[in-house]
Amino acid sequence: MQRRILGLAAVLITTAGAAGCGSSDSGSSGSSTSGGGKTVTVKVGVIPIVDVAPLYLGQKKGFFGSRGIKLEMVGAQGGAAIIPGVVSGQFQFGFSNTTSLMIAQVKGVPVKSVANGAASNGKVGADVTGVAVKKDSSIKSAKDLAGHTVAVNTLQNIGDTTVRESVRQAGGDPSKVKFVEIPFDQMPAALDGGRVDAAWMGEPAMTIAKGQGARVVASPFAETDPKLTVATYFTSAQVEKQNPDLVKKFAEAMTESLQYASDHPDEARAILATYTKISGDVGKKLTLPNWPADVDMASLEKLASLGEKDGLFGDKKPDLDALFS
């Protein structure tokens, strides 16, 4: 938690500095997509996970190029690095889970969601994320997680908030779950080695863990809301103001990419090998999220309510209409 507060403070300092000098460009090439057919190079901060497959697929299919946009994807470990990168002008757009964006907004960080990113597929027991335990674990359901240690990739964020909701719905005491922070790619080994009792994992970590004998006992996203909007693509208030045409075209291309990925899941799986270390065998087995064109505001209201219950936003409440619509 301290790390997140310090990170957000750094964002605010950087934002103030950028506003003071007034020299940040809204596009890395300094040109506009609306100017005589010119192509603008746009940097997008991403996490190399399954969820961003439509972005890479859309680039390959020419959905961005046809709108005068050349994408340059820049990898980051998580939203904690992507959000300040977008606000400072290092990236023009970024990918982040929706809870991180809500936390940023209530801290005064000027961000704006511009296109949907990924959603739960709604399948309990087979969602894009889940809580897994070792095959011989005494934990049989989400209720049993109370009193045990659960790994999440980031503390006080969408992972532990939705895990608590799964425990609550199953009749357990969510306050008795102990969360520890471990990167996704290290979770299968941590679980198999007994360092944690359970792990909330996304793909491909979940498929790797299953290959080691792990079994799923909870599907926090689907159990929180089967249509939960998990992540979106966002930009800074500065880019939105200075280059609305770029934002519009990026959003249009991203929406087309989401639709194409939804209609062609095999192509979405195949594109994973171009930006991740996922092997062919793992890629064929892993679970895909849903990629709807629009955010589900009802699910975000539920997520925000859970965040308030967990104290993620302090004394403020996120303005979902301003952030996501």
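A quick note: this is a predicted structure, and the numbers were derived from the prediction, not measured.

A.B. asks: How should I be thinking about the packing of helix H2 (residues 53-61) against helix H10 (residues 244-263) in this particular structure?
C.D. replies: The relative placement of two packed helices is expressed as an angle between their axes plus a distance between the axes. At a minimum axis distance of 8 Å, the contact between H2 and H10 shows a crossing angle of 100°. For the element pair H2 / H10, the angle class is roughly perpendicular. The segment H2 lies against H10, with Pro-54, Leu-55, Leu-57, Gly-58 and Lys-61 engaging Phe-250, Met-254, Ser-257, Leu-258, Tyr-260 and Ala-261. Looking at the contact of H2 with H10, its residues break down into eight nonpolar, two polar and one charged.

A.B. asks: In this structure, what is going on with the sheet that holds strand S10 (residues 229-236)? I would like to understand it.
C.D. replies: Think of a sheet as strands paired side by side through backbone hydrogen bonds, with each pair either parallel or antiparallel. Taken together, five strands build an open sheet; the order of strands is S2-S1-S3-S10-S4 and the sheet is mixed. If you trace the sheet from one side to the other, it starts and ends with strand S2 (69-75) and strand S4 (111-119), each paired once. Across the sheet, the axes of successive neighbouring strands diverge by a mean angle of 25°, strand direction being ignored. Where strand S3 (residues 93-97) and S10 come together, four bridges link them in antiparallel fashion.

A.B. asks: Help me understand the packing of helix H5 (residues 158-169) against helix H13 (residues 297-309), please; the structure alone is not making it clear to me.
C.D. replies: The N-to-C vectors of H5 and H13 enclose an angle of 90°; their axes lie 10 Å apart at closest approach. Between H5 and H13, the angle is such that the two are roughly perpendicular. Contacts between H5 and H13 pair Ile-158, Thr-161, Thr-162, Glu-165 and Arg-168 from the former with Leu-303, Leu-306, Gly-307 and Lys-309 from the latter. Here the residues of the contact of H5 with H13 sort into three nonpolar, three polar and three charged.

A.B. asks: I'm lost on the sheet that holds strand S6 (residues 149-152) in this one. Help?
C.D. replies: Spatially, S7-S6-S8-S5-S9 is the arrangement adopted by the five strands of the open sheet, whose pairing is mixed. One side of each edge strand has no neighbouring strand; the edge strands of this open sheet are strand S7 (178-181) and strand S9 (215-218). For this sheet the average axis-to-axis angle between neighbouring strands, irrespective of direction, equals 35°. Relative to strand S8 (residues 198-201), S6 runs parallel, the two sharing two bridges. When the sheet's bridge partners are listed, Ala-151 is paired in S8 with Ala-199.

A.B. asks: Got a minute to help me understand the packing of aromatic side chains in this structure?
C.D. replies: The description of an aromatic ring pair uses the distance of the two centres, along with the angle that the planes make with each other. Counted by the stated rule, this structure contains eight aromatic pairs. Judged by centre distance (3.9 Å) and plane angle (5°), the rings of Tyr-56 and Tyr-275 are stacked. In this pair, Tyr-56 is assigned in helix H2 and Tyr-275 in the loop between helix H11 (265-271) and helix H12 (280-285), connecting sequence segments 219 residues apart. Neither residue differs from the other here; Tyr-56 and Tyr-275 are each classed as buried.

A.B. asks: Teacher, can you tell me more about the nonpolar core here?
C.D. replies: Soluble, globular proteins show a tendency: their nonpolar side chains are buried together. Of all hydrophobic cores here, the largest spans 84 residues; its most connected members are Leu-55, Met-102, Val-111, Leu-145 and Phe-250. The element that contributes the greatest number of residues to this core is H10, accounting for eight residues. For Val-111, the residues in contact, after removing those within four places along its chain, are Ile-83, Val-87, Leu-101, Ala-104, Phe-234, Thr-235 and Leu-323. With 13 residues, the next largest nonpolar core counts Met-187, Ala-205, Met-206 and Ala-209 among its residues.

A.B. asks: Could you clarify how one ought to interpret the pattern of salt bridges in this entry?
C.D. replies: Where charged atoms from two side chains of opposite charge approach closely, those side chains can pair. Under the counting rule described, the total for this entry stands at eight salt bridges. Where Arg-67 meets Glu-252, a salt bridge forms, and the shortest distance between an N and an O atom there is 3.5 Å. Taken together, the residues Arg-67 in the loop between H2 and S2 and Glu-252 in helix H10 connect sequence positions 185 residues apart. With relative accessibility at 31%, the residue Glu-252 sits in the partly exposed group. Put simply, Glu-256 and Arg-67 hold a salt bridge, and the shortest N to O gap is 2.9 Å. Here the residue Glu-256 occupies a position in helix H10, and Arg-67 occupies one in the loop between H2 and S2, the gap between them amounting to 189 residues.

A.B. asks: What's the story with the environment of Val-86 in this structure? I'm lost.
C.D. replies: Within the element layout of this structure, Val-86 appears in helix H3 (residues 79-87). With 150 residues separating them in the primary sequence, Val-86 and Ser-236 have C-alpha atoms 6.2 Å apart.

A.B. asks: Any chance you could explain the pairing of S8 here in plain terms?
C.D. replies: Each regular strand carries side chains that alternate between the two faces of the sheet. Burial of S8 is two-sided: the residues Ala-198 and Trp-200 facing one way and the residues Ala-199 and Met-201 facing the other way are all buried. Pairing of strand S5 (residues 130-133) with S8 involves three bridges; the strand directions are antiparallel. When the bridges of S8 are listed, Ala-132 appears paired with Ala-199.

A.B. asks: Help me out: how do you make sense of the confidence of the model for the protein in this one?
C.D. replies: For any part of a model where pLDDT is low, the fine detail of the predicted coordinates should not be relied upon. On average, the protein scores 89 in pLDDT, and the residues at 70 or more come to 88%. Predicted confidence for residues 1-35 stays below pLDDT 50, and this span has 56 contacts to residues more than four positions away or in other chains.

A.B. asks: Got a minute to help me understand the environment of Gly-172 in this structure?
C.D. replies: Tracing the backbone through its elements, the reader meets Gly-172 in the loop between H5 and S7. Between the alpha carbons of Gly-172 and Ala-146 there is a distance of 6.2 Å; along the sequence they are 26 residues apart.

Rules of the game
- Residues numbered from 1 in each chain as written.
- Predicted model: local features only at pLDDT ≥ 70, side-chain atom pairs only at ≥ 80, totals over all residues.
- Heavy atoms only, no water.
- Axes fitted to C-alpha atoms, helices over the stretch in contact; angles between N-to-C directions.
- Helix = DSSP H or I, 4+ residues; strand = E, 2+ residues; numbered from the N terminus.
- Parallel < 35°, antiparallel > 145°, perpendicular 65-115°, else oblique.
- Contact = heavy atoms within 4.5 Å.
- Nonpolar A, V, L, I, M, F, W, Y, C, P; charged D, E, K, R; others polar.
- Pairing = 2+ DSSP bridges.
- Phe/Tyr/Trp six-rings, centres within 6.5 Å; stacked < 30°, edge-to-face > 60°.
- Buried < 20%, exposed > 50% of the residue type's maximum accessible area, 1.4 Å probe, protein only.
- Core = buried A, V, L, I, M, F, W, Y, C linked by side-chain atoms within 4.5 Å.
- Salt bridge = Lys/Arg side-chain N within 4 Å of Asp/Glu carboxyl O.
- pLDDT = per-residue confidence, 0-100.

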